[in-house]
Amino acid sequence: MSKHLTVVEHPLVQHKLTLMRDKGTSTASFRRLLREISLLLAYEITRDLKMTTTTIETPLREMEAPILGGKKLALVSILRAGNGLLDGVLELIPAARVGFVGLYRDPETLKPVEYYCKLPSHLEDRVTIVVDPMLATGNSSVAAIDLIKAKGATSIRFMCLLAAPEGVERMKEAHPDVPIVTAALDECLDEHAYIVPGLGDAGDRMFGTK
Ligand code: URA
């Protein structure tokens, strides 16, 4: 992907995102909408994957048909909210290897603290898509990508639902080689590092916690 930031302005994405932002939307609807949007974001983030051809026989004749031909894929979910995006992406790319990075945000310092990391082997041979719905300060995303690069990954993309300008800048400084695909670029962060106007705490809204 050539652009550092891609905002997917497709009408279906924008419509579903508006429903997700609305604080009256139920947990069940929020989760369903997130899965639906994740399919559309996955379509966008994979649009330039390398292709090759294979010879097949249709019922009518032989043909050279396009198939994926480049590196295989790995998906890495940043726990726990990343799992809401992961499910939809895995539906489209069921053969992908899957890793998880667990980071929580220290409420005082707002810095990420790692509590879990399980990544697929040989990430150098794969295109890795990192998923986390909210790119807020960018601290967790940068830390997760640090871990993923340390495991050998060289081709990484980042998928989120909402991004704040602060998070996009932080990612650009730390990982300029990692393109970001998002459904929207919001205005700013508030004093608690929530994205404004945002949608609140994605994990809480997805899992019905508080
Ligand atoms: N994480 C969330 O879930 N929401 C925000 O607004 C920022 C970070």
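Quick caveat: nothing in here was measured; it's all calculated off a predicted structure. (Residues numbered from 1 in each chain as written. Predicted model: local features only at pLDDT ≥ 70, side-chain atom pairs only at ≥ 80, totals over all residues.)

*Asks:* Help me out: how do you make sense of the UniProt feature "domain: Phosphoribosyltransferase" (unreviewed entry) in the chain in this one?
*Replies:* Summarizing the sequence annotation, UniProt attributes the feature "domain: Phosphoribosyltransferase" (unreviewed entry) to residues 7-209 in the numbering used throughout. Here residues 7-209 is 34% helix and 31% strand, with 29 Å between the C-alpha atoms at its ends. (UniProt positions renumbered as here; feature names shortened; annotations may be inferred. Helix = DSSP H or I, 4+ residues; strand = E, 2+ residues; numbered from the N terminus.)

*Asks:* Can you help me understand the UniProt feature "binding site: 5-phospho-alpha-D-ribose 1-diphosphate" (unreviewed entry) in the chain in this one?
*Replies:* Under the local residue numbering, the UniProt record ascribes the feature "binding site: 5-phospho-alpha-D-ribose 1-diphosphate" (unreviewed entry) to R80, R105, D132, P133, M134, L135, A136, T137, G138, N139, S140 and D201. Mapped onto the secondary structure, M134 falls in strand β8 (residues 134-135). With near-sequence residues (within four places) excluded, M134 lies in contact with A81, C160, L161, L162, I195 and A202. In this structure, S140 sits in helix α4 (residues 139-150). According to the C-beta neighbour criterion, S140 is buried, with 27 such atoms within 10 Å. Once residues lying within four places of it in the same chain are set aside, the contact partners of S140 are I78, L103, R105, P112 and D132. (Contact = placed C-beta atoms within 7 Å. Buried ≥ 20, exposed ≤ 12 C-beta atoms within 10 Å, placed from the backbone.)

*Asks:* Teacher, can you tell me more about the sheet that holds strand β9 (residues 155-159) here?
*Replies:* Working definition: the strands of a sheet are paired by backbone hydrogen bonds and lie parallel or antiparallel to each other. Taken in spatial order, the 7 strands of this open sheet run β1-β11-β9-β7-β4-β5-β6, and their pairing is mixed. Each edge of the sheet is formed by a strand with only one pairing partner; in this case those strands are β1 (5-7) and β6 (112-118). Going from strand to strand, the sheet's axes swing by 20 degrees on average, the running direction of each strand aside. Pairing of strand β4 (residues 72-79) with strand β5 (residues 97-105), which is carried by 6 bridges, proceeds in the parallel orientation. When the bridges of β5 are listed, V76 appears paired with G99. Helix-sheet contacts for helix α3 (residues 82-92) involve β4, β5, β7 (126-131) and β9, and the interaxial angle to β4 is about 155 degrees. (Pairing = 2+ DSSP bridges. Axes fitted to C-alpha atoms, helices over the stretch in contact; angles between N-to-C directions.)

*Asks:* Even after reading the chapter, I still don't get the confidence of the model for the chain, so can you show me in this structure?
*Replies:* Keep in mind that low pLDDT regions are not for reading the predicted coordinates in detail. Scored by pLDDT, the chain comes out at a mean of 95, with 100% of its residues at no less than 70. As scored by the predictor, the complex reaches a pTM of 0.94 and an ipTM of 0.95. (pLDDT = per-residue confidence, 0-100.)

*Asks:* Got a minute to help me understand the site of the ligand in this structure?
*Replies:* Around the ligand, the structure places A81, M134, A136, Y194, I195, G198, D201, A202 and G203. In terms of residue class, the shell around the ligand is built from 6 nonpolar, 2 polar and 1 charged. (Near = placed C-beta within 6 Å. Nonpolar A, V, L, I, M, F, W, Y, C, P; charged D, E, K, R; others polar.)

*Asks:* Please explain the pairing of β6 as it appears in this structure.
*Replies:* On any regular strand, side chains alternate: one points to one face of the sheet, the next to the other face. One ladder, built from 6 bridges, connects β5 with β6; its direction is antiparallel. Bridge pairing in β6 places Y104 opposite V113. With antiparallel pairing between neighbouring strands as the criterion, β5 and β6 make up a hairpin whose turn holds 6 residues, including L110 at a positive phi of roughly 65 degrees.

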